[in-house]
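Chain by chain, the residues:
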Amino acid sequence: MKYCAFLRGVNVKGTNMKMTDVCQVFRDAGMQDVRSIIASGNIVFSSDKNEIELKLILEKSMSAYFSYDAVLFIKSERDTVLYWESVPFEKTTDFHIYAFVGDTGIETVLMAEFQDATQNTNESAEIVNHIFYWQVPKGNTLDSAFGKILGKKTLRDQFTSRNINTFEKVLKKMNS
């Protein structure tokens, strides 16, 4: 089965790693057809194991090799398609759209945090198919109140986010 691992905290705040090294860690852990997509930690691979087994194996392998507490989220090809096809916002050049990959139930936690934060003009969020999507005007991602909340220590190991265009790239790599 084809999967994508979405790694949390790659190449930020002193956690620097080359994707060629990450791919080798995945191969050494028994994954096949391993390829990376952009340097933010998206690894496409094949395995006959399930998501729970893969998360345990790969977090342990990544933590050992890179000497940090690795956090990653595994999605099957079918789930990755759902992220791409469920986007509730129109894709325009004026906005970034992010989808959040994480622990079960994180979408409701994120929606509560979003609703409690002050929103910028035209900033919005929706949950579709248990996926939290956030639309924010370009240039406001890090400055928005919600953007600042996303860095809270209590939340950071429960999810990772990707620009929606990343899911398109992941799907193309899975099908190439």
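For the structure itself, look to the data block above.
Residues numbered from 1 in each chain as written. Predicted model: local features only at pLDDT ≥ 70, side-chain atom pairs only at ≥ 80, totals over all residues. Heavy atoms only, no water.

Chemist: Even after reading the chapter, I still don't get the side chain of Glu59, so can you show me in this structure?
Modeler: Mapped onto the secondary structure, Glu59 falls in helix H2 (residues 51-66). Residues within four places of Glu59 in sequence aside, it is in contact with Ala70, Val71 and Leu72. (Helix = DSSP H or I, 4+ residues; strand = E, 2+ residues; numbered from the N terminus. Contact = heavy atoms within 4.5 Å.)

Chemist: Teacher, can you tell me more about the environment of Glu113 here?
Modeler: Mapped onto the secondary structure, Glu113 falls in helix H4 (residues 106-116). Through-space distance from the C-alpha of Glu113 to that of Phe146 is 7.2 Å; in sequence the pair is 33 residues apart. Setting aside chain neighbours within four positions, we find Glu113 in contact with Phe146, Ile149, Lys152 and Leu155. At 3.2 Å, the side chain of Glu113 forms a polar contact with the side chain of Lys152. (Polar contact = N/O pair within 3.5 Å; in protein donor to acceptor, adjacent residues only side chain to side chain.)

Chemist: When you look at the packing of aromatic side chains in this model, what are you seeing that I'm missing?
Modeler: For any pair of aromatic rings, the description rests on two quantities: the centre-to-centre distance and the angle between the ring planes. Inspection of every chain in the model, using the stated rule, returns 12 aromatic pairs. An angle of 75 degrees between the planes, with centres 5.0 Å apart, marks the rings of Trp134 and Phe146 as edge-to-face. Linking Trp134 in strand E7 (residues 131-137) with Phe146 in helix H5 (residues 145-149), this pair joins segments that are 12 residues apart in sequence. Taken together, the ring pairs connect Tyr98, Phe100, Phe114, Phe132, Trp134, Phe146 and Phe159 into an aromatic cluster. Residue placement shows Arg8 over the ring face of Phe159; its charged tip is 5.0 Å from the ring centre. (Phe/Tyr/Trp six-rings, centres within 6.5 Å; stacked < 30°, edge-to-face > 60°. Lys NZ or Arg CZ within 6 Å of the ring centre and 35° of its normal.)

Chemist: I would appreciate a short explanation of the pattern of salt bridges in the present structure.
Modeler: Note that side chains of opposite charge can pair when their charged atoms are close. Inspection of every chain in the model, using the stated rule, returns 4 salt bridges. With a closest N to O distance of 3.6 Å, Asp79 and Arg78 form a salt bridge. Relative accessible area serves as the criterion here: at 68%, Arg78 is assigned to the exposed category. (Salt bridge = Lys/Arg side-chain N within 4 Å of Asp/Glu carboxyl O. Buried < 20%, exposed > 50% of the residue type's maximum accessible area, 1.4 Å probe, protein only.)

Chemist: Please clarify how the sheet that holds E7 should be interpreted in this entry.
Modeler: Through backbone hydrogen bonds, the strands of a sheet pair up, either in parallel or in antiparallel fashion. Pairing within the open sheet is antiparallel, and its 4 strands lie in the order E6-E7-E5-E8. Taken across any chain shown, the strands that pair with only one partner, and hence form the sheet edges, are strand E6 (124-128) and strand E8 (159-163). Each neighbouring strand pair of the sheet contributes to a mean axis angle of 25 degrees, computed without reference to strand direction. Two elements, strand E5 (residues 95-102) and E7, share 6 bridges in a ladder whose sense is antiparallel. Bridge pairing in E7 links Tyr98 to Trp134. Sitting on the sheet, helix H6 (residues 164-174) touches E5, E7 and E8, and the angle it makes with E8 is about 85 degrees. (Pairing = 2+ DSSP bridges. Axes fitted to C-alpha atoms, helices over the stretch in contact; angles between N-to-C directions.)

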